[in-house]
Amino acid sequence: MAGVADVRRRVLMISGAIDATDYDVSVAINLPEPGRWQIIKSETNLTDQIWVAMQVTTDEETHFVDGGEAMVMSRQFRKTFLTPDQRRLTFFDGEVRPGEAVLKVFEIETESRRPAYAHARYSPVSSENAEQSEDALQRMVTDGMPQRPAIEVIVPVTVIG
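Computed from a prediction, not measured in an experiment: that's the story for all the values here. (Residues numbered from 1 in each chain as written. Predicted model: local features only at pLDDT ≥ 70, side-chain atom pairs only at ≥ 80, totals over all residues. Heavy atoms only, no water.)

As enumerated under the stated definition, the model contains two aromatic pairs in all. With 5.4 Å between their ring centres and 75° between their planes, Phe64 and Phe106 make a pair best called edge-to-face. You can see Phe64 sitting in strand E6 (residues 62-64) and its partner Phe106 sitting in strand E10 (residues 101-110), a full 42 residues away along the chain. Summarising the burial analysis for this pair, Phe64 and Phe106 share the class buried. Ring geometry for Phe106 and Tyr117: centres 6.0 Å apart, planes at 90°, overall edge-to-face. Linking Phe106 in strand E10 with Tyr117 in strand E11 (residues 116-122), this pair joins segments that are eleven residues apart in sequence. For the pair Phe106 and Tyr117, a shared accessibility class is recorded, and that class is buried. Arg121 extends its terminal NZ or CZ atom over the ring of Trp51, reaching a point 5.5 Å from the ring centre. (Phe/Tyr/Trp six-rings, centres within 6.5 Å; stacked < 30°, edge-to-face > 60°. Helix = DSSP H or I, 4+ residues; strand = E, 2+ residues; numbered from the N terminus. Buried < 20%, exposed > 50% of the residue type's maximum accessible area, 1.4 Å probe, protein only. Lys NZ or Arg CZ within 6 Å of the ring centre and 35° of its normal.)

Under the criterion given, the structure shown has nine salt bridges. Where Arg36 meets Glu107, a salt bridge forms, and the shortest distance between an N and an O atom there is 2.8 Å. With Arg36 in strand E4 (residues 35-45) and Glu107 in strand E10, this pair connects stretches of sequence that are 71 residues apart. Judged by its relative accessible area of 35%, Arg36 falls in the partly exposed class. Where Glu95 meets Arg97, a salt bridge forms, and the shortest distance between an N and an O atom there is 2.9 Å. The partly exposed category is assigned to Arg97, whose relative accessible area is 38%. (Salt bridge = Lys/Arg side-chain N within 4 Å of Asp/Glu carboxyl O.)

For the rest of this paragraph, the subject is the pairing of E10. When you tally the buried positions in E10, you get seven out of ten residues, the bulk of the element. Bridge count between E4 and E10: ten bridges; the pairing is antiparallel. Bridging across to E10, Ile40 finds its partner in Val105. As judged from the three bridges shared by E6 and E10, these two strands associate in the antiparallel manner. Bridge assignment links Thr62 to a residue of E10, and that residue is Thr110. Inspection of the sheet shows strand E7 (residues 73-74) paired to E10 by two bridges, in the antiparallel sense. Bridge pairing in E10 links Met73 to Val105. (Pairing = 2+ DSSP bridges.)

Another point: the environment of Ala116. Mapping Ala116 onto the fold places it in strand E11. The exposure class of Ala116 is partly exposed, given its relative accessible area of 22%. Sequence-wise, Ala116 and Asp66 are 50 residues apart; in three dimensions their C-alpha atoms are separated by 18 Å.

With that settled, consider the sheet that holds strand E5 (residues 51-58). Across the sheet, which stays open at both edges, the six strands sit in the order E8-E9-E5-E11-E3-E12 with mixed pairing between neighbours. Two strands lie at the open edges of the sheet, namely strand E8 (77-82) and strand E12 (150-155), each paired on one side alone. Taken pair by pair, the neighbouring strands of this sheet meet at an average axis angle of 20°, ignoring direction. Direction of pairing for E8 relative to strand E9 (residues 88-96): antiparallel, over a ladder of five bridges. (Axes fitted to C-alpha atoms, helices over the stretch in contact; angles between N-to-C directions.)

So far we have only geometry, and geometry alone does not tell us how the molecule works.
Right under this line is the structure:
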């Protein structure tokens, strides 16, 4: 994974790939300064599973920005759910097949120059029928995905602007 921070526009672009199926990915970013940042994140699904939801959870010094001019969207998922404490954002109602890229856009406000957030993905269990999968997905959106061991990644960031 690698990132580019445009200080003038307060935009951080991160790209990479995920090939872990049994782990979440915890990402630490070295920002040029704390504050509000728009994150544009692209990653490729290198697993053999279809992702039907993606969850992003921030550290204690960071929260998602919602409302106003804040953009929260994904090209692959039609819906989002943000918890009232603004620390867990879930993208759902779509899918990312193996080999496909996913694009997510969201904004964070952080007190730290090195915020961290974790990515979790949900793939339906092959033994579930469509109704069971939908029920499980709705529970995960509302309650959050179960915490799994995490692979920690420090993303190098090139500063421009």
